[in-house]
Amino acid sequence: MSSKPTALFVCVHNAGRSQMAAGWLRHLAGDTVEVRSAGSEPANQINPVAVEAMREVGIDITGQSPAKLTWDTAEASDVIITMGCGDACPVFPGKRYEDWKLTDPAGQPLDVVRQVRDDIRARVQKLVDTLRR
């Protein structure tokens, strides 16, 4: 079992917010945190506008794919961050939870997705600080 903390980002489609958050965490924490993301109803691909917004800050998330949230993935995570999936995101007893209220980037123009990206970055930085304690 790994001694480094594991963070799981969950949204409905695992195509925008959760993928951007995972990209930020990989970028800001490097290999000090195990990063996972999943969705309750994963899309077929990552939102191309989210990809572009992340590319603008030098983070490539094109190698990621939307994934289905599983019990095992959640059970093996130290902190679970939900983003707008409401009741579709199951609760796993004994886990640390954060629920981030974020605009859904689906169908939004790039300028709105940039704002979401920057909001996520600030939240991920705070998360990194708490995981390193």
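The rules we used
- Residues numbered from 1 in each chain as written.
- Predicted model: local features only at pLDDT ≥ 70, side-chain atom pairs only at ≥ 80, totals over all residues.
- Heavy atoms only, no water.
- Helix = DSSP H or I, 4+ residues; strand = E, 2+ residues; numbered from the N terminus.
- Rg over C-alpha atoms; globule rule 2.2 N^0.38 Å.
- Buried < 20%, exposed > 50% of the residue type's maximum accessible area, 1.4 Å probe, protein only.
- Contact = heavy atoms within 4.5 Å.
- Areas by Shrake-Rupley, 256 points an atom, 1.4 Å probe, with all protein chains shown as cover.
- Axes fitted to C-alpha atoms, helices over the stretch in contact; angles between N-to-C directions.
- Parallel < 35°, antiparallel > 145°, perpendicular 65-115°, else oblique.
- Left-handed = near helix turned anticlockwise from the far one by under 90°.
- Nonpolar A, V, L, I, M, F, W, Y, C, P; charged D, E, K, R; others polar.
- Arc of directions from axis to C-beta.
- Polar contact = N/O pair within 3.5 Å; in protein donor to acceptor, adjacent residues only side chain to side chain.

**Notes on the overall build of the protein**
Each helix and strand counted, the protein has 4 helices and 4 strands in total. Helices and strands appear in the protein in the N-to-C order β-α-β-α-α-β-β-α. In terms of overall dimensions, the protein is globule-like: its C-alpha atoms have a radius of gyration of 14 Å, near the 14 Å expected for 133 residues. Considered along the principal axes of its C-alpha atoms, the protein spans approximately 40 × 30 × 25 Å. Residues counted as buried form 47% of the 133 residues belonging to the protein. Considering only intrachain contacts with a sequence separation of at least 6, the fraction spanning at least 24 residues in the protein is 72%. Element-wise, carbon and sulfur atoms account for 48% of the exposed surface of the protein, whose accessible area totals about 6,800 Å².

**Here we look at the packing of helix 1 (residues 17-29) against helix 4 (residues 110-131)**
Put simply, helix 1 and helix 4 touch, their axes get as near as 9 Å, and they point 50° apart. Judged by the inter-axis angle, helix 1 sits oblique to helix 4. The two elements helix 1 and helix 4 cross, and the hand of that crossing is right-handed. Residues R17, M20, A21, W24, L25, L28 and A29 of helix 1 touch helix 4, and the partners they reach there are V113, V116, R117, I120, R121, V124, Q125, L127 and V128. Of the residues assigned to the contact of helix 1 with helix 4, the class counts are 12 nonpolar, 1 polar and 3 charged.

**Here we look at helix 2 (residues 48-56)**
Among the residues of helix 2, those classed as buried are A50, V51, A53 and M54. The buried residues of helix 2 occupy one face: seen down the axis, they fall within an arc of 165°. Its side-chain oxygen 2.8 Å from the backbone nitrogen of V49, N47 forms the N-cap of helix 2. In the stretch just after helix 2, G58 is the one whose phi turns positive, near 85°.

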